[in-house]
Amino acid sequence: MAELPREGLTVQILTGPGLAVAVPELSRLRVTVFREFPYLYVGNADYEARYLQSYLNTPDSLVVLVRDGEAVVGASSSMPLQAEQAELKAPWKAAGIDINRVWYLAESVLLPAYRGRGLGVRFFEERERRGRELGFKVTSFCAVERAADHPSRPADDVPLDEFWGRRGYTKRPELVAQLSWQDLDEEGESPKRMVFWTKDI
């Protein structure tokens, strides 16, 4: 693990089946962070463990963990887009783009107390490095779009668009996926609009 100076935190890089040691902690972290706006996600550890199995099954996958002592306080994941769920591949195929060239940056989750310390940049650096090492030409992620007047939007909410732009990413409104989950104020799942951002590497 690589130490983060002055913060007492460590970064751990896991790939493929090596992620198994962290699945329970990572599942709990994802459920906690994704309850926040804009995802408002109702999740549970059992579903998360099943979801994370796709990373265990993909040898090239990468998960970056941040630990404070032994506790996992942040994580970021990536894998070949080809290995992702069909809903994420569909808009690329519809646009006639070769998904075998795309390294997908799946999620980044970080507890609030650890934000603003440069870890978001580190997450991008580690995942992009992995994509380049494996010969991918494009990195991409998608983000949920919520209405400007969404009732759950915090008054101090700052969209991440500017941060992503500084990392070299361009919003691609022609590449839109539909993913379904249950919001905190919903009785069941509903489709959410997910817009892709891309960067040539």
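Keep in mind it's a predicted model, so treat the numbers as computed, not measured.

Draft legend 1. Molecular detail of the overall build of the chain. Across its full length, the chain carries five helices and eight strands. Tracing the chain from N to C terminus, the helices and strands come up as β-β-α-α-β-β-α-β-α-β-α-β-β. Scaling as 2.2 N^0.38, a compact globule of 201 residues should have a C-alpha radius of gyration of about 17 Å, and the chain matches this with 16 Å. Considering only C-alpha atoms, the chain reaches an extent of 40 × 40 × 35 Å along its principal axes. Surface exposure of the chain reaches about 10,100 Å², of which carbon and sulfur atoms provide 50%. Side-chain charges in the chain split into 26 positive and 30 negative, and the spacing between the mean points of these groups amounts to 5 Å.

Draft legend 2. Representation of the nonpolar core in the model. By size, the foremost hydrophobic cluster in this structure holds 35 residues, and its most contacted members are Leu19, Leu26, Tyr55, Leu65, Leu88 and Phe196. Excluding its chain neighbours within four sequence positions, the residues that come into contact with Leu88 are Leu81, Tyr104, Cys142, Ala177, Leu179 and Phe196. One finds Leu9, Phe136, Phe163 and Trp197 within the second-largest nonpolar core, a separate group that totals 20 residues.

Draft legend 3. Focus on the packing of helix α1 (residues 23-33) against helix α2 (residues 45-56). Where α1 meets α2, the closest approach of the two axes is 9 Å, and the angle between their N-to-C directions is 120°. Classed by the angle they form, the pair α1 and α2 counts as oblique. Our pair here, α1 against α2, has a crossing hand that is right-handed. Within the contact between the two elements, α1 uses Val23, Leu26, Ser27, Arg30 and Val31 and α2 uses Ala45, Glu48, Ala49, Tyr51, Leu52 and Leu56.

Draft legend 4. Inspection of the side chain of Arg122 at higher detail. Position of Arg122 among the secondary structure elements: in helix α4 (residues 119-133). Since its relative accessible area comes to 18%, Arg122 is described here as buried. Looking at Arg122, its side chain comes within polar contact range of the side chain of Glu126, at 2.8 Å.

Draft legend 5. Up close: the pairing of strand β3 (residues 62-68). The buried fraction of β3 amounts to six of the seven residues, a majority that puts the element mostly inside the structure. Relative to β3, strand β2 (residues 9-15) is paired through seven bridges, and the arrangement is antiparallel. In the strand pairing of β3, Leu9 is matched with Asp68. With seven bridges connecting them, β3 and strand β4 (residues 71-80) associate as antiparallel partners. Its bridge partner being in β4, Arg67 is matched across the sheet by Val72. Between β3 and β4, which pair antiparallel one after the other, the connecting turn spans two residues, and Gly69 there sits at a positive phi close to 70°.

What counts and what doesn't
- Residues numbered from 1 in each chain as written.
- Predicted model: local features only at pLDDT ≥ 70, side-chain atom pairs only at ≥ 80, totals over all residues.
- Heavy atoms only, no water.
- Helix = DSSP H or I, 4+ residues; strand = E, 2+ residues; numbered from the N terminus.
- Rg over C-alpha atoms; globule rule 2.2 N^0.38 Å.
- Areas by Shrake-Rupley, 256 points an atom, 1.4 Å probe, with all protein chains shown as cover.
- Lys, Arg positive; Asp, Glu negative; His and termini not counted.
- Charge placed at Lys NZ, Arg CZ, Asp CG, Glu CD.
- Core = buried A, V, L, I, M, F, W, Y, C linked by side-chain atoms within 4.5 Å.
- Buried < 20%, exposed > 50% of the residue type's maximum accessible area, 1.4 Å probe, protein only.
- Contact = heavy atoms within 4.5 Å.
- Axes fitted to C-alpha atoms, helices over the stretch in contact; angles between N-to-C directions.
- Parallel < 35°, antiparallel > 145°, perpendicular 65-115°, else oblique.
- Left-handed = near helix turned anticlockwise from the far one by under 90°.
- Polar contact = N/O pair within 3.5 Å; in protein donor to acceptor, adjacent residues only side chain to side chain.
- Pairing = 2+ DSSP bridges.

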